[in-house]
Amino acid sequence: MNSHTPLSSEDSARYAALVVQSTAITRHAELLAWLQGDMQQCLPHDILLAGWGDFQQGALQHDVVSRLPGARSYAAGTDGLPFLLGKFHERWLAADRQPCRLDFSEFDYLLGQASLPGSFPGSLRGMRSVLIHGLQDERAQQECLYVFMSAGDIPAEPCSTALRMLMPSVDAALRQMTPLPQQQRRPAAMRGPAEDASGLSERETQIMAWVAMGKTNSEIGAILNISGFTVKNHMQRIFQKLNVFNRAQAVSKVTRVGMYG
């Protein structure tokens, strides 16, 4: 979408007020209050996903801002979030790096069948529409992607215009905040095999990310282009390495040792 909708004086004043408010944000609670306040008139949403880093390599960090239970930056089930952000990034590139609105039902297959209530995938299940935009950080040589998700409808316009106008403020607000402890560590994709606190291989780490999202062996096999039997064999080795007896224990252990950063 390359055409820009002319701004009314009312819209201009609203955007200016939101920009001023954003300059005072230093904490996640303040960012949430800003997004859930007057911003809702411009960009109605329930969840904001932010991802930044190397999308080609999947070496991403992320943030989640929402009032919904389970929709937290490092809640149970967020281990597969870099993959989901990668899919959103592909659609944004296909839209020529312009704001793009999507139907979230296209991505339901990524949530698995065992999304527990109160988990991150469980929160995403209620989403209906998605509005995506991003920017290229030339100084840091990385891209930043922002995904607004709603259980209702996010109209392509005037919301795309609002997102263009407010994108720099959203980006600046997130940069002004003190990083969460997990964000001060490098993502798993940036760490070498010897740095894996759980002793898992790269493939086993990938599989555990999908296990945490509630995927079955056959679903994981389809995603990774390997057989379900191969996934089962990997799972048996993972159980041995972690000294656990089932998938729930494995997810709990790798989350506890901070395997995903």
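Chemist: Can you tell me about the overall build of the protein chain, naming the residues and giving the values?
Modeler: Along the protein chain, the regular secondary structure elements total 10 helices and five strands. Counting over 261 residues, the protein chain shows a buried share of 47%. Sequence separation of 24 or more characterises 67% of the internal contacts of the protein chain that already satisfy a separation of 6 or more. For the protein chain, the exposed surface amounts to about 12400 Å²; the carbon and sulfur share of it is 53%.

Chemist: Give a detailed account of the pattern of salt bridges, specifying residues and quantitative values.
Modeler: Inspection of every chain in the model, using the stated rule, returns 10 salt bridges. A salt bridge links R14 to E10, with the nearest nitrogen and oxygen atoms 3.1 Å apart. Of the two residues, R14 and E10 both sit in helix α1 (residues 9-22), four residues apart, roughly one turn of that helix. The salt bridge involving R27 is made with E30; its shortest N-O contact spans 3.5 Å. Each of E10, D11 and R14 takes part in salt bridges that share partners, so that together they form one network.

Chemist: Please give an account of the sheet that holds strand β3 (residues 100-103) that cites residues and values.
Modeler: Judged by pairing direction, the sheet is antiparallel, and its five strands sit side by side in the order β2-β1-β5-β4-β3 without closing on themselves. Of all the strands in the sheet, the pair left with one neighbour each is β2 (59-66) and β3. Here the strands of the sheet are splayed against their neighbours by 20° on average, with no regard to which way each runs. Docked against the sheet, helix α2 (residues 28-36) engages β1 (47-54), β2 and β5 (142-150), running at close to 60° with respect to β2. Sitting on the sheet, helix α6 (residues 156-176) is in contact with β1, β2, β3, β4 (129-137) and β5, with an inclination near 50° to β4.

Chemist: Give me helix α8 (residues 217-224): which residues, what numbers.
Modeler: For α8, every residue scored as buried is listed here: E219, I220, G221 and L224. Just downstream of α8, N225 is the residue with a positive phi angle, here 60°.

Chemist: Tell me what's going on with the packing of helix α7 (residues 202-212) against α8, and back it up with residues and numbers.
Modeler: The interhelical angle for the contact between α7 and α8, taken along N-to-C directions, is 125°, at an axis separation of 10 Å. When the axes of α7 and α8 are compared, the pair comes out oblique. α7 and α8 meet at a crossing whose hand is right-handed. When α7 is examined against α8, the residues R203, Q206, I207, W210 and V211 are found in contact with a partner set consisting of I220, I223 and L224. Here the contact of α7 with α8 is built from residues that sort into six nonpolar, one polar and one charged.

Chemist: Could you give an account of unusual backbone geometry, naming the residues involved and the relevant values?
Modeler: The amide bond that connects E157 to the next residue, P158, takes the cis arrangement and shows omega of 15°. Note that P158 resides in helix α6.

Chemist: Summarise the packing of aromatic side chains; cite the residues concerned and give the values.
Modeler: As enumerated under the stated definition, the model contains four aromatic pairs in all. For the pair F104 and F107, a centre-to-centre distance of 6.1 Å together with 25° between the ring planes defines the contact as stacked. F107 shares its class with F104; the two are buried. Three or more aromatic residues joined by ring pairs make a cluster, and in this case those are F88, F104 and F107.

Chemist: Just give me the short version of the pairing of β2, but keep the residues and values in it.
Modeler: Across the eight residues of β2, eight count as buried, placing the element largely inside the fold. Here β2 shows two buried faces, one formed by A59, Q61, D63 and V65 and the other by L60, H62, V64 and S66. Note: β1 against β2, eight bridges, orientation antiparallel. Bridge pairing links G53 to L60 in β2. Where β1 folds back onto β2 in an antiparallel hairpin, the turn is made up of four residues, including G58, whose phi is positive at roughly 75°.

Chemist: I'd love a proper account of the packing of α8 against helix α9 (residues 228-242), names of residues and values included.
Modeler: Between α8 and α9, whose axes approach to 8 Å, the crossing angle comes to 110°. On the basis of the axis angle, α8 is roughly perpendicular to α9. The segment α8 lies against α9, with N217, S218, I220 and G221 engaging G228, V231, K232 and M235. Of the residues in the contact of α8 with α9, the class split is three nonpolar, four polar and one charged.

Reading the values: rules and limits
- Residues numbered from 1 in each chain as written.
- Predicted model: local features only at pLDDT ≥ 70, side-chain atom pairs only at ≥ 80, totals over all residues.
- Heavy atoms only, no water.
- Helix = DSSP H or I, 4+ residues; strand = E, 2+ residues; numbered from the N terminus.
- Buried < 20%, exposed > 50% of the residue type's maximum accessible area, 1.4 Å probe, protein only.
- Contact = heavy atoms within 4.5 Å.
- Areas by Shrake-Rupley, 256 points an atom, 1.4 Å probe, with all protein chains shown as cover.
- Salt bridge = Lys/Arg side-chain N within 4 Å of Asp/Glu carboxyl O.
- Pairing = 2+ DSSP bridges.
- Axes fitted to C-alpha atoms, helices over the stretch in contact; angles between N-to-C directions.
- Parallel < 35°, antiparallel > 145°, perpendicular 65-115°, else oblique.
- Left-handed = near helix turned anticlockwise from the far one by under 90°.
- Nonpolar A, V, L, I, M, F, W, Y, C, P; charged D, E, K, R; others polar.
- Phe/Tyr/Trp six-rings, centres within 6.5 Å; stacked < 30°, edge-to-face > 60°.

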